[in-house]
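Summary of the model geometry
So you can see what is in the structure, the chains are spelled out below.
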Amino acid sequence: MKRIVTIQDISCVGKCSLTVALPIISAMGVETTILPTAVLSTHTQFKNFTFHDLTGEITPISEAWKKEQIDFDAIYTGYLGSFEQIHLMIDFFREHKKADTITIVDPAMGDNGILYKGFDVAFAREMAKLCAEADVILPNLTEASYMLDIPYVGSDYDEDYIRRVLKQLTGLGAKSAVITGVKAADGRIGVMGYLPDEDRYFSYYNTHLPVSFHGTGDIFSSTTVGAMMNGLSLEDALRVAVDYTLECIRLTMENENHRFYGVDFEAAVPYLLKRLGKV
Ligand code: PXL
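Cut-off values and rules
Residues numbered from 1 in each chain as written. Predicted model: local features only at pLDDT ≥ 70, side-chain atom pairs only at ≥ 80, totals over all residues. Heavy atoms only, no water. Near = heavy atom within 4 Å. Polar contact = N/O pair within 3.5 Å; in protein donor to acceptor, adjacent residues only side chain to side chain. Areas by Shrake-Rupley, 256 points an atom, 1.4 Å probe, with all protein chains shown as cover. Pairing = 2+ DSSP bridges. Helix = DSSP H or I, 4+ residues; strand = E, 2+ residues; numbered from the N terminus. Right-handed = clockwise from strand over helix to strand, strands pointing away. Expected span 1.5 Å × (residues − 1). Buried < 20%, exposed > 50% of the residue type's maximum accessible area, 1.4 Å probe, protein only. Disulfide = S-S within 2.5 Å. Contact = heavy atoms within 4.5 Å.

**Examining the site of the ligand**
Taken together, Asp9, Ser11, Cys16, Ser17, Leu40, His43, Thr44, Gln45, Tyr79, Tyr116, His214 and Asp218 make up the full set of residues near the ligand. A distance of 2.6 Å separates an oxygen atom of the ligand from a polar atom in the side chain of threonine 44. In the environment of the ligand, an oxygen atom lies 3.0 Å from a nitrogen or oxygen atom belonging to the side chain of glutamine 45. Look at the ligand: alone it shows 320 Å² of surface, and the protein chains cover 98% of it.

Written as structure tokens, this is what we have:
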């Protein structure tokens, strides 16, 4: 069984970061070890939340794993809370990346042109340094724009524009880049990616439901990681992630009593497993 480690916060209530990565990647038949970077009562989109930083735990845990010779087929980082945590992730990659370990960075920092509470332009520039070290990076256009220090263009773009941004992203050093939440000219939504080694762009879109839920970026990234660990290429894994995320949103909309803070990803797990041919 493949083993990955995902490094992000635990938002106890909120259906994001580790509380979606752990169940989704595990359900896909991949051992999912975690390195929690902070414990919050909820994610930061709630009015009241607590935040307990766990930065001091990262190096001791990493060193203990090294002594135990625990290694990983993939290292997947998500929401990080400080400059120091970004630097520790760069160290973690150097310590734990074997020749065949895939590193995936979701620079979860913002959406719709706005950075989440507590982040600024300087943080985004620092996150770009972690992206430089990664095999795969999964920003949305907001995060990409902040990391590259270019204006956020909203919905006012075409595929050519996204191709230019992707090229700039791989220029940072990442081995491949993907932009999530890309809107196609025909109204669908999905991803565009660039593989510099092959000098090849790709895209994949599906239905755009006109709603927005928190945590869908984390569901998307987790699914991409899990699908790659099931042997899919990045491009094929992204197709599964687009379709599963859509299914999560679709089922959430069908549920009159859905939570306001996240999607019913649990209800769509059977779809995901069928899609991977596991059931
Ligand atoms: O889904 C991204 C995310 C993860 N973790 C925390 C967050 C957010 C987005 O706001 O607040 C704590």
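**Remarks on the pairing of strand β5 (residues 102-105)**
Looking at chain direction, strand β4 (residues 74-77) and β5 are connected through four bridges and run parallel. Its bridge partner being in β5, threonine 77 is matched across the sheet by valine 105. With helix α3 (residues 83-96) bridging β4 and its parallel neighbour β5, the resulting β-α-β unit is right-handed. Bridge analysis of β5 against strand β8 (residues 136-137) gives two bridges, and the strand direction is parallel. Across the sheet, residue isoleucine 104 finds its bridge partner in β8, namely valine 136.

**Topic: α3**
With 14 residues, α3 should cover 20 Å at 1.5 Å per step; its first-to-last C-alpha distance of 20 Å lies within 8% of that length. Those residues of α3 lying buried are Gln85, Ile86, Leu88, Met89, Ile90, Phe92, Phe93 and His96.

**Topic: the state of the cysteines**
For the coordinates displayed, the defined rule picks out zero disulfides. The thiol of cysteine 12 is unpaired, and the distance to the nearest cysteine sulfur, on cysteine 16, comes to 10 Å. Its sulfur unpaired, cysteine 248 is 14 Å from the next cysteine sulfur, which belongs to cysteine 16.

**Focus: the pairing of strand β1 (residues 3-13)**
As judged from the nine bridges shared by β1 and strand β2 (residues 31-42), these two strands associate in the parallel manner. Residue pairing for β2: threonine 6 is matched across the bridge by isoleucine 34. This β-α-β element, β1 to helix α1 (residues 18-27) to β2, shows right-handed connectivity. With four bridges joining them, β1 and β4 adopt parallel strand pairing. Bridge assignment links isoleucine 4 to a residue of β4, and that residue is alanine 74.

**Here's the deal with the environment of alanine 134**
As for its position among the elements, alanine 134 is in the loop between α4 (121-131) and β8. Placed 94 residues apart in sequence, alanine 134 and leucine 40 show a C-alpha to C-alpha distance of 27 Å. Beyond its immediate sequence surroundings of up to four residues, alanine 134 is in contact with Phe93, Thr103, Val105, Ala174 and Lys175.

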